[in-house]
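Understanding the architecture of this molecule
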Amino acid sequence: MKQHKRHQTKLISVIIVVITVAVLVFLAVCLYKQPSLAERFDAIIKWLAKLEKAVIGLDSKFAIVICIFALYIARCRIPIPFSVLCVIPGAVFSLPTAIIINAACMTVYFLIKYFEGWWMGAGILTVLLNARRAKFLKEWIEFKGSGNPYILVASRFVPSISPALISILYGSMHYDLIHYLVLSLAGYMPVLYMYTRIGSVLFNPFSQEFIILIMIIVAFTGITSLIFNIFYGIKSRQMTQTLLIYSQKQKYKIVL
């Protein structure tokens, strides 16, 4: 079993590295050929420029904020990627305003998922994950029975980890609400900033800035996912060894 988990962790790590490197190489080629791409797709770039002016000139900005907020609420039940949600304000508003909007909407989302865990408990995780993984996640995050603040920040920092699962777990442990919100936003802010910044150059997808930002996001996601997978494998083996030692001790007591 232990050998199987080790091989599984290595296989996932290799897959993450291969995919990340392949995408980065492709983007590097696009960056190198950026002038020719911009020339080839000049018609699309001009159309996007007109669309950008039309969006910027909209008078109903408040209605757009309401729609963005509604999409974040819908994200509680519909699997809309957070990258898409963060990009929309960046495409419509100035970067500082878009970051404030996304941070406010993410705060509401974190609160909703936190109180889901508070009211329903961690048992809801067994519906989202299999029982074994849910138990591992809960035991890993628990810290003296009240939640690990370092894991909370680190989990928000890794884009591949579901914010909903972490929020439900910390809510089920009745973790201090103010600390939960502050640490969640602090950990998620780098990811939120990168996605929002993408929105600010969304209407020029053949620019150097856009390609470089995508490369940064891909590298960031790949590296953090790789580190998390390795850490997950180490902790999983440690927990398995602890359970084996405990079961052997209990068996010895029963024999006695």
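Look up a bit, the structure's there.
If you're wondering where the values come from, they're calculated on a predicted model, not measured in any experiment.

**Some details on the overall build of the chain**
Counting its regular elements, the chain contains 12 helices and zero strands. Secondary structure elements of the chain occur, N-terminal to C-terminal, as α-α-α-α-α-α-α-α-α-α-α-α. Sequence-distant contacts in the chain: of pairs separated by 6 or more residues, those separated by 24 or more amount to 76%. On the chain, roughly 14,800 Å² of surface is accessible, and the fraction owed to carbon and sulfur atoms is 72%.

**Brief notes about the packing of helix α6 (residues 95-120) against helix α10 (residues 163-172)**
The packing of two helices is summarised by the inter-axis angle and the distance between the axes. It is the contact of α6 with α10, at a shortest axis distance of 6 Å, that shows an interaxial angle of 50°. Classified by the angle their axes make, α6 and α10 are oblique. Along this stretch, α6 crosses α10, giving a crossing that reads as right-handed. Touching Y109, F110, K113, Y114, E116, G117 and W118 of α6 are P163, A164, S167, I168, Y170, G171 and S172, all from α10. Class assignment for the residues of the contact of α6 with α10 results in eight nonpolar, four polar and two charged.

**A word on the nonpolar core**
Within the largest apolar cluster, 41 residues are counted, with the highest numbers of intra-cluster contacts made by Y72, M106, Y170, Y180 and Y188. Mapped by element, the contributors of at least two residues to this core are α4 (61-74), α5 (82-92), α6, α9 (149-157), α10, α11 (177-200) and α12 (208-255). Among residues more than four places away in sequence, those in contact with M106 are Y72, F82, Y188 and L192. Within the second largest apolar cluster, nine residues are counted, among which are A38, F206, I211 and M215.

**Concerning the pattern of salt bridges**
Taken as a whole and assessed by the stated rule, the structure comprises three salt bridges. Across the pair R77 and E116 runs a salt bridge, and its minimum N-O distance is 3.0 Å. Of this pair, R77 sits in the loop between α4 and α5 while E116 sits in helix α6, and the two are 39 residues apart along the sequence. Residue class for E116 comes out buried when judged on its relative accessible area of 8%. Of the charged contacts, one joins E116 and K113 as a salt bridge, the two residues approaching to 3.4 Å between their closest N and O atoms. Of the two residues, E116 and K113 both sit in helix α6, three residues apart, roughly one turn of that helix. Accessibility classification places E116 together with K113 in one group, the buried group. Taken together, the shared-partner salt bridges in this structure form one network comprising R77, K113 and E116.

**What to know about a nonpolar patch on the surface**
A cluster of nonpolar side chains, contributed by L11, I15, I19 and V23, occupies part of the molecular surface with about 340 Å² of accessible area. Inspection of the secondary structure puts V23 in helix α1 (residues 2-32).

**Considering α10**
Most of α10 sits inside the fold, with 10 of its 10 residues counted as buried. When α10 is considered as a whole, its buried residues turn out to be P163, A164, L165, I166, S167, I168, L169, Y170, G171 and S172. Of the residues flanking the end of α10, it is H174, one or two places downstream, whose phi is positive at about 55°.

**Some words on α11**
For α11, spanning 24 residues, the distance from its first C-alpha to its last is 32 Å, which sits close to the expected 34 Å at 1.5 Å a residue. Within α11, the axis deviates most sharply at M189, by approximately 45°, and proline P190 lies no more than four positions further along. Listed as buried for α11 are Y180, L181, S184, G187, Y188, V191, L192, M194, Y195, T196, I198 and G199.

What counts and how
Residues numbered from 1 in each chain as written. Predicted model: local features only at pLDDT ≥ 70, side-chain atom pairs only at ≥ 80, totals over all residues. Heavy atoms only, no water. Helix = DSSP H or I, 4+ residues; strand = E, 2+ residues; numbered from the N terminus. Contact = heavy atoms within 4.5 Å. Areas by Shrake-Rupley, 256 points an atom, 1.4 Å probe, with all protein chains shown as cover. Axes fitted to C-alpha atoms, helices over the stretch in contact; angles between N-to-C directions. Parallel < 35°, antiparallel > 145°, perpendicular 65-115°, else oblique. Left-handed = near helix turned anticlockwise from the far one by under 90°. Nonpolar A, V, L, I, M, F, W, Y, C, P; charged D, E, K, R; others polar. Core = buried A, V, L, I, M, F, W, Y, C linked by side-chain atoms within 4.5 Å. Buried < 20%, exposed > 50% of the residue type's maximum accessible area, 1.4 Å probe, protein only. Salt bridge = Lys/Arg side-chain N within 4 Å of Asp/Glu carboxyl O. Patch = residues over 30% accessible without salt bridge, like charges linked within 9 Å, V, L, I, M, F, W, Y side chains within 5 Å. Expected span 1.5 Å × (residues − 1). Bend = angle between axes of the 7 residues up to and from the residue.

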